[in-house]
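Descriptive analysis of the structure
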Amino acid sequence: MTKKLISEIEQLKRDLAFKREELQAMYMEHKGLSKKIDALEKENHSLKQQIKQLEEEAQEMLLYP
């Protein structure tokens, strides 16, 4: 009985260590994806501003041919 409990405890320790490694990998992936999202949001904002500016310039060009 004692050997069985010790064996189960050792298996649980291995499982816990594996889960910790999985969690760490998921955290790093999440962190990387968050950085990508932030960069894409900034780029999106910049592109929207450029589009707005180009639209304004196009309107001005139509007003003064």
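Further up the page is the structure itself.
Residues numbered from 1 in each chain as written. Predicted model: local features only at pLDDT ≥ 70, side-chain atom pairs only at ≥ 80, totals over all residues. Heavy atoms only, no water.

Some remarks on the pattern of salt bridges
Overall, the coordinates contain two salt bridges when judged by the stated rule. The closest approach of N and O atoms between E10 and K13, which form a salt bridge, is 3.9 Å. Of this pair, E10 and K13 both sit in helix α1 (residues 2-63), three residues apart, which is roughly one turn of the helix. Residue classification places E10 among the partly exposed positions, given a relative accessible area of 35%. Residue K19 pairs with E22 through a salt bridge whose shortest N-O separation is 3.3 Å. With K19 and E22 both in helix α1, this residue pair falls three residues apart, about one helical turn. (Salt bridge = Lys/Arg side-chain N within 4 Å of Asp/Glu carboxyl O. Helix = DSSP H or I, 4+ residues; strand = E, 2+ residues; numbered from the N terminus. Buried < 20%, exposed > 50% of the residue type's maximum accessible area, 1.4 Å probe, protein only.)

Quick notes on a negative patch on the surface
Where like charges cluster on the molecular surface, the negative patch consists of E55, E56, E57 and E60. As for its position among the elements, E60 is in helix α1. (Patch = residues over 30% accessible without salt bridge, like charges linked within 9 Å, V, L, I, M, F, W, Y side chains within 5 Å. Areas by Shrake-Rupley, 256 points an atom, 1.4 Å probe, with all protein chains shown as cover. Lys, Arg positive; Asp, Glu negative; His and termini not counted. Charge placed at Lys NZ, Arg CZ, Asp CG, Glu CD.)

Topic: the environment of A17
In this fold, A17 is placed in helix α1. Judged by its relative accessible area of 35%, A17 falls in the partly exposed class. When the C-alpha positions of A17 and Y27 are compared, they lie 15 Å apart, and in sequence the two are ten residues distant.

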